[in-house]
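# A closer look at the structure
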Amino acid sequence: VVCLIAYHLLFAMFVWSYWKTIFTLPMNPSKEFHLSYAEKELLEREPRGEAHQEVLRRAAKDLPIYTRTMSGAIRYCDRCQLIKPDRCHHCSVCDKCILKMDHHCPWVNNCVGFSNYKFFLLFLAYSLLYCLFIAATDLQYFIKFWTNGLPDTQAKFHIMFLFFAAAMFSVSLSSLFGYHCWLVSKNKSTLEAFRSPVFRHGTDKNGFSLGFSKNMRQVFGDEKKYWLLPIFSSLGDGCSFPTCLVNQDPEQPSTPAGLNSTSKNSENHQFPAKPLRESQSHLLTDSQSWTESSANPGKIKAG
């Protein structure tokens, strides 16, 4: 009875999460990221270059966009004719831009992104538990098969096939599930793991990482009672994401020696949830003004 209850519970959760992963439509960028008709005409008239980028910069000035291309340009999709939100990518299979795209999965025939990434993780978790449960309960009969302890019927070949299938899927699913657990802990997508996102201040492989606890809540939500259920509870709208202002990767060495005094003063400072806008972060980027003020201490006192 216990085995039957456990089996059907795992099977039900596996089918539920698999169903949600398949039939949850990927989310696309909202209308505010699409160019107007006049802006599209301007882009068609302007050649590729600085003039082309100027049109995109004007269109994106009020949008919550903090990532750029490798060359520092605004991320724009020619196929969908829209400015890409952060972590959004164009899927060549679906032929549309997907919010927080992770990858296109042939196993579920769907794009894995912001709308169904939690469901995909639960699908991997429950399918792994399902295969491990089958392999564990079938192990004793699998041993009897090799020791000739089973009656000579066709059932013993079913037992052998079932154990091999469950064991092989367990190995492949455990590696895939472990990899995605690492991605969640770092708040990365599969695409970002292969190519680090580029921000205004440069490339930062952990630009979206907020710490293990907050990274988990970004995917699973604040209410823990929904974590193990394939019910959408991810935080945010998929178009904008909180980021850290500096690279705080614990695996990397600390800040350079010349910045020790600055890091000590900022240990107790909580970085903002989103990068500062250019009008708010000019003190961090305008090195010339700092040089001039340090060279004229009399002016500072007078001020």
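Quantities reported herein were computed from a predicted structural model and do not represent experimental measurements.

### Let's talk about the UniProt feature "transmembrane region" (unreviewed entry) in the chain
- Here the UniProt-annotated "transmembrane region" (unreviewed entry) positions come out as residues 6-25, 119-137 and 157-179.
- Between the C-alpha atoms that bound residues 119-137 there is a distance of 27 Å. The span itself is 100% helix and 0% strand.
- As annotated, residues 157-179 has a helix share of 100% and a strand share of 0%, and its two end C-alpha atoms lie 34 Å apart.

### What about the nonpolar core?
- Among the nonpolar cores identified, the biggest contains 23 residues, and Leu35, Leu43, Leu56, Leu63, Ile65, Tyr76 and Ile83 are the most heavily contacted of them.
- At the level of secondary structure, the elements contributing two or more residues to this core comprise α3 (50-60), β2 (76-77) and β3 (82-83).
- Per element, the largest residue contribution to this core is four residues, and it comes from α3.
- What Leu35 contacts, discounting residues up to four positions off in sequence, is Lys40, Leu43, Leu56, Ala59, Tyr76, Gln81 and Ile83.

### Here's the deal with the sheet that holds strand β9 (residues 202-203)
- In space, the three strands of this open sheet follow the order β1-β8-β9, with antiparallel pairing throughout. What marks the edges here is a single partner per strand, and that holds for β1 (67-68) and β9.
- Strand direction decides the pairing type here: strand β8 (residues 198-199) and β9, joined by two bridges, are antiparallel. Bridged to Phe199 within β9 is Gly202.

### Focus on the pattern of salt bridges
- Throughout the structure, instances matching the rule amount to seven salt bridges.
- Between Arg57 and Glu50 there is a salt bridge, with the nearest N and O atoms lying 2.3 Å from each other.
- By relative accessible area, Arg57 is classed as partly exposed at 34%.
- With its nearest N and O atoms 4.0 Å apart, the salt bridge here joins Glu54 to Arg58. You can see Glu54 and its partner Arg58 sitting in helix α3, four residues apart, about one turn around the helix.
- Relative accessible area serves as the criterion here: at 33%, Glu54 is assigned to the partly exposed category.
- One connected set of salt bridges, linked through shared partners, spans Glu50, Glu54, Arg57 and Arg58.

Analysis parameters
Numbering of residues begins from 1 in every chain and follows the order in which that chain's sequence is written. Local features are withheld for residues below a pLDDT of 70 in this predicted model, meaning they are given only at 70 or higher, and side-chain atom pairs are given and counted only at 80 or more; totals for whole chains, interfaces and linings count all residues. Side-chain measures here rest on the full set of heavy atoms in the structure, leaving out hydrogens and waters. UniProt positions are given in the numbering used here, feature names are shortened, and annotations may be inferred rather than shown by experiment. Secondary structure elements are defined from DSSP: runs of H or I of at least 4 residues count as helices, runs of E of at least 2 residues count as strands, and each element is numbered from the N terminus. Nonpolar core, defined: a set of buried Ala, Val, Leu, Ile, Met, Phe, Trp, Tyr and Cys residues in which side-chain atoms within 4.5 Å join the residues together. Partly exposed describes any residue whose relative accessible area lies between the buried limit of under 20% and the exposed limit of over 50%, with all areas from a 1.4 Å probe on protein chains only and scaled to the type maximum. Contacts are assigned to residue pairs with any non-hydrogen atoms lying within 4.5 Å of each other. The pairing criterion is simple: DSSP has to find at least two bridges between the two strands. Salt bridges are identified by distance alone: a Lys or Arg side-chain nitrogen within 4 Å of an Asp or Glu carboxyl oxygen.

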